[in-house]
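# Understanding the architecture of this molecule
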Amino acid sequence: MNDPNGMVYHNGTYHLFFQHNPDSTVWGPMHWGHATSTDLVHWEEQPIGLYPDSLGTIFSGSAVVDKNNTAGFGNDALIAIFTHHNHTIEREKTGLHQYQSIAYSTDNGKTWAKYAGNPVLPNPGIQDFRDPKVMWHEETNQWIMTLATKQTITFYASPNLKEWEKLSEFGVGIGAHGGVWECPDLIRFDHNGENVWVLLVSINPGGPNGGSATQYFVGDFDGTAFTPYTTDTKWLDYGRDNYAGVTWSNADDRRIFIGWMNNWDYANVVPTKTWRGAATVARDLTIRQIEGNWYVASKPVAELGAITELLHEVPQQVVRSNASLKSITGSLPATYRLDFTARADRDFTVRLKNDNKEWADFGYRATDRQFFVDRTSSGDHSFSDRFASIDSASRIDTADYIEVSLLVDVASLEAFADGGLVVMTETFFPTTDFNDVVLQGETDQVFTDLRISRMTSIWK
Ligand code: FRU
């Protein structure tokens, strides 16, 4: 898989579609794979949702519930809005090979029919013209499409999902521009009755630690144009492996995000056999103000509690530096969660390690206020010279203590610091599981409220 697509909540089911090539573990003719869940934790794979057709293969896009039957496919029809990528036109090098189309489902997402009038938004002469994210805009009573157009975002409006009119363009002279802009998402947050808007924009390459990453802007959207409050570039995740993520549509007041846990720097060559590419855990996004500046915070969804079994807790006590958690709990399971609080004025390092001298570090350097992940010795990195890296992220929060949650799976770490103001998601390929953790700290560093939990399987 690569990008998550068409995420929509409908009748108690979370639908997750994804960029998928059913015939290979490397990128190829794109389909929309399909998985469903009732709790965002346990997933069941479904038959493929969208197949390539005469207009092209099926690139990224979104899905909505058409509550008022604006498109005429039925009340509460599910409608997918996606990019058709036409490989024949691509070979002609006119740059006209991407355009937007729709498909609908009237049986709760089980089967899909493509609209006979596709494409609904033909290519106007823009080489990179893709990844439509559509939402209903209450105030102006119309659908808004947020579309990646080369290195800008273009907003379109429609009364019926079939006819689209250009509204405005965002991104000239602002944001990171190391590569093409992809997979945007315009998200409304309610802050004490006021709307605050966040625009997610994935970029490849040009991420803060190399390759693919997702930047965001916080500002206002008036139904026509997006105006950011500030001109600085912020990143949803500073790790190397969280790309093309967007949020669920129709999920009430929750803004639930899933990203693709990979990086185009090496996505096609990571050393896996029966699968390649995975999604992050579902995360709730919220907005927070730190010293007058707005940020997005990401937190693993509370539903993960269903697969979290507390193994050991050290409440309000100091865990000494260089403590091996294995010596407290015995070997850690292959998948676990570690929560703790540490002093912000002292360095600390959490080393995930195995019995084969391989390790990955997550830590914090107080002098320059940097979080970091070091995966240079985490196992196989021979497949790409862009993989072994030490990645860093500036701390945003100013509190005296840093709260950390680490979600460790056999091939990934999802690290959340300061309530998810700084996130680092990183993959690794050790020869055996990281079954021990060593907490290291500068003199007088303390680790309090330590909880080690087993994460059990998401597969039923
Ligand atoms: C992002 C992306 C999208 C595109 C899809 C193709 O990873 O390049 O822009 O729609 O992947 O698989």
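Values in this document were obtained by computation on a predicted structure and should not be read as measured data.

What counts as what
- Residues numbered from 1 in each chain as written.
- Predicted model: local features only at pLDDT ≥ 70, side-chain atom pairs only at ≥ 80, totals over all residues.
- Heavy atoms only, no water.
- Helix = DSSP H or I, 4+ residues; strand = E, 2+ residues; numbered from the N terminus.
- Rg over C-alpha atoms; globule rule 2.2 N^0.38 Å.
- Buried < 20%, exposed > 50% of the residue type's maximum accessible area, 1.4 Å probe, protein only.
- UniProt positions renumbered as here; feature names shortened; annotations may be inferred.
- Pairing = 2+ DSSP bridges.
- Axes fitted to C-alpha atoms, helices over the stretch in contact; angles between N-to-C directions.
- Domains from an automatic or database assignment.
- Contact = heavy atoms within 4.5 Å.
- Buried area = accessible area lost by both parts, 1.4 Å probe.
- Salt bridge = Lys/Arg side-chain N within 4 Å of Asp/Glu carboxyl O.
- Near = heavy atom within 4 Å.
- Polar contact = N/O pair within 3.5 Å; in protein donor to acceptor, adjacent residues only side chain to side chain.
- Areas by Shrake-Rupley, 256 points an atom, 1.4 Å probe, with all protein chains shown as cover.
- Nonpolar A, V, L, I, M, F, W, Y, C, P; charged D, E, K, R; others polar.
- Core = buried A, V, L, I, M, F, W, Y, C linked by side-chain atoms within 4.5 Å.

Another point: the overall build of the protein chain. For the protein chain, the count of helices and strands is two helices and 33 strands. Scaling as 2.2 N^0.38, a compact globule of 460 residues should have a C-alpha radius of gyration of about 23 Å, and the protein chain matches this with 22 Å. A principal-axis box enclosing the C-alpha atoms of the protein chain has dimensions of 65 × 50 × 40 Å. Relative to its full complement of 460 residues, the protein chain shows a buried share of 58%.

Before going further, it helps to spend a moment on the UniProt feature "domain: Glycosyl hydrolase family 32 N-terminal" (unreviewed entry) in the protein chain. In the numbering used here, UniProt assigns the "domain: Glycosyl hydrolase family 32 N-terminal" (unreviewed entry) feature to residues 1–289. This span, residues 1–289, is 2% helix and 49% strand, and a straight line between its end C-alpha atoms measures 35 Å.

So, about the sheet that holds strand β10 (residues 142–149). Taken in spatial order, the four strands of this open sheet run β9-β10-β11-β12, and their pairing is antiparallel. Edge positions in the open sheet fall to β9 (129–137) and β12 (165–170), since each of these has one partner strand only. Between one strand axis and the next, the sheet turns through 25 degrees on average, direction left out of account.

What follows deals with the domain arrangement of the protein chain. Once the domains are mapped, the protein chain shows domain 1 (4–300) and domain 2 (309–455). One C-alpha centre belongs to domain 1, the other to domain 2, and the line joining them spans 31 Å. Taken together, the contact between domain 1 and domain 2 spans 27 residues of the former and 29 residues of the latter. Both sides together, the interface formed by domain 1 and domain 2 hides about 2,400 Å², and carbon and sulfur atoms give 60% of it. Where domain 1 packs against domain 2, one counts four salt bridges. Among the ionic pairs, E414 bridges to R283, the shortest N-O distance being 2.7 Å. Mapped onto the side of domain 1 that touches domain 2, the elements with two or more residues apiece are β20 (283–290) and β21 (293–300).

This part takes up the pairing of strand β33 (residues 447–455). Across six bridges, the pairing between strand β22 (residues 308–314) and β33 is antiparallel. The partner of L310 across the bridge, within β33, is S453.

N2, D3, Q19, W27, M30, F59, S60, R130, D131, E182, Y243 and W264 make up every residue found near the ligand. A distance of 2.9 Å is found between an oxygen atom of the ligand and a side-chain nitrogen or oxygen belonging to W27. Within the contact set of the ligand, an oxygen atom lies 2.8 Å away from a side-chain nitrogen or oxygen of W264. Protein contacts shield 95% of the accessible area of the ligand, which totals 320 Å² for the unbound molecule. For the shell around the ligand, the elements supplying multiple residues, two or more each, are β5 (57–66) and β9. Within the shell around the ligand, the residues separate by chemical class into five nonpolar, three polar and four charged.

On to the side chain of D128, then. Tracing the sequence through the fold places D128 in the loop between β8 (113–114) and β9. Judged by relative accessible area, D128 falls into the buried class, the value being 19%. In this structure the side chain of D128 is engaged in a polar contact, spanning 2.8 Å, whose partner is the side chain of R130. Beyond its immediate sequence surroundings of up to four residues, D128 is in contact with Q98, A148, T149, K150 and V180.

The biggest cluster of nonpolar side chains holds 75 residues, and the ones touching the most others in it are F348 and F362. The contact partners of F348, leaving out residues within four places of it in the chain, are F340, A342, F362, G363, Y364, F372, I402, V404, Q440, G441, Q445 and F447.

Under the UniProt annotation, the feature "domain: Glycosyl hydrolase family 32 C-terminal" (unreviewed entry) is placed at residues 324–452. Here residues 324–452 runs as 4% helix and 50% strand, with 12 Å between its end C-alpha atoms.

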